[in-house]
Amino acid sequence: MVRDANVKQAGAEKQLREAQGKIDVLQAEVTALKTLVLTSTPSSPNRQLHPQLQATGGRGSYKRGGGHIRTSSVGGAFQTSSGKAEPSTVSIEPVAKEEREMDSVLFAEFLSWNQHPSLDRSSAFLSRVYREDIGPCLSFTRSELSQLVHRAVENNSLTIEPVAVSALPMVKASALECGGPKASVETKCALSGLSRVCRHRIKLGDKGSYYYISPSSRARITAVCNFFTYIRYIQQGLVRQKEEQMFWEVMRLRREMTVAKLGFYLTDQG
């Protein structure tokens, strides 16, 4: 019995020593964490060690001599000398919301056109769109081809189709702009005259040559085609919307033409 008691006592003392060792480790970790929290560095000074910083601004930021504003934390909380956790401030940028206001002159012109919708550019509505959007959007360096493209878009006889990228190596600017099978790897934009990776080509009518175009030129042509498609739908009575809704859709399509003319376009991410 005495031997069993001694064995149990030895086991209990061993467990006690192990528990004390774990406690020592945890205390060391807590001390290290406190040191990290209270440490002051030039890039992130501790307010408790530098009380003079309290007067320079609100919580969570301070002003350096160079005028730059730094934030001590992007979230969570920091511990003060009283042991209470205070939330740090996070600056949130305001989200801009697009607003719109109808132009009475443009709306009146659209209403007048919508009474008898047609593709006749003599109306005030289409005359303005041609002058301010369609004309500039389809005005390219190669003016002769630009006019052909313009006419094909109006007649709804223009075709745009993708080509294999692997078959389009970069070539010199003096290469051919269009043609048959021998020119199928041309990457010089036929409209801008600049060497570009042309992933699409256009065809004017049922017969004729293919012309390779850059992504920017394609975006400009597509924007104009989208506008004509929509007003054709209105002309054919296929749009079942209120006049105000149709007007804002026309304005959106006009904006697409303006954006494309300025050189902005979207690409497929894949």
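Asker: Which parts of the structure should I look at to understand the overall build of the protein?
Answerer: Looking only at helices and strands, the protein has six helices and eight strands in total. Reading the secondary structure of the protein in the N-to-C direction produces α-β-β-β-β-α-α-α-β-β-β-β-α-α. Evaluated residue by residue, the protein yields a buried proportion of 28% over its 270 residues. For the protein, contacts bridging at least 24 residues in sequence account for 54% of all contacts bridging at least 6. Counting only carbon and sulfur atoms, one obtains 54% of the accessible surface of the protein, whose full area is about 18,400 Å².

Asker: What is the right way to look at the packing of aromatic side chains in this model?
Answerer: To describe a pair of aromatic rings, one takes the distance between the centres and the angle between the planes. For the structure shown, the criterion picks out eight aromatic pairs. Measuring from centroid to centroid gives 5.9 Å for Phe110 and Trp113, while their planes differ by 35°, and the two rings are tilted. Placement of the pair is Phe110 and Trp113 together in helix 2 (residues 104-115), with a separation of three residues, close to one helical turn. By the burial criterion, Phe110 is buried, and Trp113 matches it. By the ring-pair criterion, three or more aromatic residues cluster together here, those being Phe107, Phe110, Trp113, Phe125, Phe247 and Trp248.

Asker: Where do I start with a nonpolar patch on the surface in this structure?
Answerer: Residues Val259, Leu262 and Phe264 make up a contiguous nonpolar surface patch of about 320 Å² in total accessible area. Here Leu262 lies in the segment after helix 6 (243-261).

Asker: Help me out: how do you make sense of the packing of helix 3 (residues 124-137) against helix 5 (residues 215-235) in this one?
Answerer: Relative orientation and spacing of two packed helices are given, respectively, by the angle between their axes and the distance between those axes. Where helix 3 meets helix 5, the closest approach of the two axes is 9 Å, and the angle between their N-to-C directions is 160°. With respect to each other, helix 3 and helix 5 are oriented roughly antiparallel. In terms of crossing hand, the pair formed by helix 3 and helix 5 is left-handed. Residues Phe125, Leu126, Val129, Tyr130, Ile134, Pro136 and Cys137 of helix 3 pack against Arg220, Val224, Phe227, Phe228 and Ile231 of helix 5. Here the residues of the contact of helix 3 with helix 5 sort into eleven nonpolar, no polar and one charged.

Asker: Could you clarify how one ought to interpret the nonpolar core in this entry?
Answerer: For soluble globular proteins, nonpolar side chains are generally found buried alongside one another. Ile134, Val149, Ile221 and Phe227 are the most contacted members of the largest nonpolar core, which totals 44 residues. For this core, the secondary-structure elements that each account for two or more residues are helix 2, helix 3, helix 4 (143-154), strand 7 (200-204), strand 8 (210-213), helix 5 and helix 6. Filtering out sequence-adjacent residues up to four positions away, Ile221 remains in contact with Leu138, Phe140, Val149, Val153, Leu158, Ile160, Leu191, Ile202 and Ile213.

Asker: I'm lost on helix 2 in this one. Help?
Answerer: For helix 2, spanning twelve residues, the distance from its first C-alpha to its last is 17 Å, which sits close to the expected 16 Å at 1.5 Å a residue. Taken residue by residue, helix 2 has Leu106, Phe107, Glu109, Phe110, Trp113 and Asn114 as its buried positions. All buried residues of helix 2 fall inside an arc of 160° around its axis, so they share one side. Across from the buried face of helix 2, at angles greater than 90 degrees, the exposed residues are Ser104 and Gln115. The opening residue of helix 2 is Asp103, an N-cap whose side-chain oxygen sits 3.0 Å from the backbone nitrogen of Val105.

Asker: Please explain the packing of helix 3 against helix 6 as it appears in this structure.
Answerer: One way to put it is that helix 3 packs onto helix 6 with a least axis distance of 8 Å and a crossing angle of 25°. With respect to each other, helix 3 and helix 6 are oriented roughly parallel. The two elements helix 3 and helix 6 cross, and the hand of that crossing is left-handed. Contact residues: Phe125, Arg128, Val129, Glu132, Asp133, Ile134, Pro136 and Cys137 in helix 3; Val250, Arg254, Met257, Thr258, Ala260 and Lys261 in helix 6.

Asker: Would you mind going over the layout of surface pockets with me for this structure?
Answerer: A probe matching the size of a water molecule, rolled over the atoms, marks out where space remains unfilled. In this model, the largest pocket occupies a volume close to 540 Å³. At the level of secondary structure, the elements contributing two or more residues to the lining of the largest pocket comprise helix 5 and helix 6. Sort the elements by how many residues they give to the lining of the largest pocket and helix 5 lands first, with six residues.

Asker: So what exactly am I meant to see when it comes to the pattern of salt bridges here?
Answerer: Applying the stated rule across the entire model yields nine salt bridges. Of the charged contacts, one joins Arg254 and Glu132 as a salt bridge, the two residues approaching to 2.7 Å between their closest N and O atoms. Here Arg254, found in helix 6, pairs with Glu132, found in helix 3; they are 122 residues apart in sequence, far enough to count as distant. Among the residues examined, Arg254 registers a relative accessible area of 8% and is labelled buried. Here Glu132 falls in the partly exposed class, since its relative accessible area comes to 38%. A salt bridge links Glu249 to Arg252; the shortest N-O distance between them is 2.6 Å. Of this pair, Glu249 and Arg252 both sit in helix 6, three residues apart, which is roughly one turn of the helix. Using a relative accessible area of 33% as the deciding quantity, one classes Arg252 as partly exposed.

Each value, and the rule that gives it
- Residues numbered from 1 in each chain as written.
- Predicted model: local features only at pLDDT ≥ 70, side-chain atom pairs only at ≥ 80, totals over all residues.
- Heavy atoms only, no water.
- Helix = DSSP H or I, 4+ residues; strand = E, 2+ residues; numbered from the N terminus.
- Buried < 20%, exposed > 50% of the residue type's maximum accessible area, 1.4 Å probe, protein only.
- Contact = heavy atoms within 4.5 Å.
- Areas by Shrake-Rupley, 256 points an atom, 1.4 Å probe, with all protein chains shown as cover.
- Phe/Tyr/Trp six-rings, centres within 6.5 Å; stacked < 30°, edge-to-face > 60°.
- Patch = residues over 30% accessible without salt bridge, like charges linked within 9 Å, V, L, I, M, F, W, Y side chains within 5 Å.
- Salt bridge = Lys/Arg side-chain N within 4 Å of Asp/Glu carboxyl O.
- Axes fitted to C-alpha atoms, helices over the stretch in contact; angles between N-to-C directions.
- Parallel < 35°, antiparallel > 145°, perpendicular 65-115°, else oblique.
- Left-handed = near helix turned anticlockwise from the far one by under 90°.
- Nonpolar A, V, L, I, M, F, W, Y, C, P; charged D, E, K, R; others polar.
- Core = buried A, V, L, I, M, F, W, Y, C linked by side-chain atoms within 4.5 Å.
- Expected span 1.5 Å × (residues − 1).
- Arc of directions from axis to C-beta.
- Polar contact = N/O pair within 3.5 Å; in protein donor to acceptor, adjacent residues only side chain to side chain.
- 1 Å grid on protein atoms, 1.4 Å probe; cavity = no way out; pocket = protein on both sides within 12 Å on 5 of 7 lines; lining within 4 Å.
- Points joined across faces, edges and corners; volume = space filled by probe spheres on them.

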